[in-house]
Amino acid sequence: MQFIFTVRIGFMGCRTILILQHSYINLGIVMSKPVHQLLCCIGIYLLLYSGVGLAQANVNAAHEIVIRQSLISDIKNEDYYFYRLLQLTLDKTADKWGKAQIRMLPYRLEDKRLRAGLAHGAVDVLWSPTSMEFEQQLLPVRISLLKELNNYRVLLIRKDDQPRFSAVKSLDDLRKLKGGIGAQWTDAAIMQHNRLPLVLAVGYEKLFKMLAAKRFDYFSRGLYQIQSEVNFYPELELKIEQELMLSYPNPVYFFVNQNNKKLAQRLSEGLIIAQKDGSFDALFNSIPRYQWGIEQLQNSQRRLIELQPLPASSHHHSL
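A brief report on the enclosed structure follows.

About the criteria used
- Residues numbered from 1 in each chain as written.
- Predicted model: local features only at pLDDT ≥ 70, side-chain atom pairs only at ≥ 80, totals over all residues.
- Heavy atoms only, no water.
- Buried < 20%, exposed > 50% of the residue type's maximum accessible area, 1.4 Å probe, protein only.
- Helix = DSSP H or I, 4+ residues; strand = E, 2+ residues; numbered from the N terminus.
- Pairing = 2+ DSSP bridges.
- Salt bridge = Lys/Arg side-chain N within 4 Å of Asp/Glu carboxyl O.
- Axes fitted to C-alpha atoms, helices over the stretch in contact; angles between N-to-C directions.
- Parallel < 35°, antiparallel > 145°, perpendicular 65-115°, else oblique.
- Contact = heavy atoms within 4.5 Å.
- Nonpolar A, V, L, I, M, F, W, Y, C, P; charged D, E, K, R; others polar.
- Expected span 1.5 Å × (residues − 1).
- Core = buried A, V, L, I, M, F, W, Y, C linked by side-chain atoms within 4.5 Å.

Another aspect to go through is the pairing of strand β12 (residues 244-247). Of the two faces of β12, the one carrying L244 and L246 and the one carrying M245 and S247 are both buried. Taken together, the four bridges between β12 and strand β14 (residues 303-306) define a ladder with parallel strand orientation. The residue bridging L246 from the neighbouring strand is I305, located in β14.

Evaluated as defined, the whole model comprises 20 salt bridges. For R175, the salt bridge identified is with D172, shortest N-O distance 2.5 Å. By relative accessible area, which is 18% here, R175 ends up buried. The partner of E241 in a salt bridge is R302, and the shortest N-O contact between them spans 3.6 Å.

Within helix α8 (residues 186-193), burial applies to T186, D187, A188, I190 and M191. After α8 finishes, the residue R195 shows a positive phi value of roughly 60°.

Between helix α2 (residues 78-92) and helix α11 (residues 261-277), whose axes approach to 8 Å, the crossing angle comes to 95°. Judged on the interaxial angle alone, α11 and α2 are roughly perpendicular. From α2, L85, L86, L88, T89, L90 and K92 reach across to α11, where they touch R266, L267, G270, L271, I273, A274 and D277. When grouped by side-chain class, the residues that make up the contact of α2 with α11 number eight nonpolar, two polar and three charged.

Here α11 is 17 residues long and its end C-alpha atoms lie 24 Å apart, about the 24 Å a rise of 1.5 Å per residue gives. For α11, the set of buried residues is L263, A264, R266, L267, S268, E269, G270, L271 and A274. Along its buried surface, α11 packs onto β3 (64-67), α2, α3 (94-97), β6 (139-141), β13 (252-256) and α12 (279-285).

As a further point, take the nonpolar core. Counting residues in each nonpolar core, the largest one holds 73 residues, and the members touching the most others are Y81 and F254. Per element, the largest residue contribution to this core is eight residues, and it comes from α2. Among the nonpolar cores identified, the runner-up in size contains eleven residues, and L105, L118, F134 and F255 belong to it.

What follows is the structure, given as structure tokens:
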């Protein structure tokens, strides 16, 4: 009898593949008990060995930070800045926490699906305006990623509608007009809390087209967003309203899973280091629409309409 027994072990991501191949030259000969016992011992040893390898792979995977699919090459896209800020934060903490790489999912999650993905471990980090609901479900890193820019909003309107908004002098005047906004956005809850009439929609892009189609009168956008967004759909003939600015506290944070306190601590430490050494400001100031937003705050003669924020969230489960 000639007995051939080969074992191949390979790693594909965190999956271990164990392939046992055997053949018998003389098929009529039965394997002896000692040989069978020997092969069982070898198999057990190799399974244990592969388990060690798998554990090591999982240790390595702990330094891979997963985010949703993001558009990171276009400086006009919001993901461009937040991705680079996340990488900067990880780089600043590499000496203490180890090197980390960002990996993107091959698909894009939005709003509730994104938050569910974080809660269930499909992603490790997201960035979002905060809310009481978010902070009950997720763990915020309580350092504002946009400084104060997200506390101010201006309006996207149709090109011929400026006279209607020039007549707005107060919050009560604004309530005579109808806004459009994402149904799952924190801003929607804040505007509803202030009794502003709204048309809610699911999907970012469709809101531009709905505004052009006169489904509502204005689309409230962050001061850090609107300068590039106004040119996304030139055929719709939209423009930035020139005289008003809305204000309410609305910081944007990194969020992680509630059980991932080590990652939250790392991100907090990295952001603080970047603030102290100037690299946070350098990145922030490199974004043209952020510069435009800062100029609007410093030099604008817009009428400020202050909205009441949602009830303050608990500071439990935060960093």
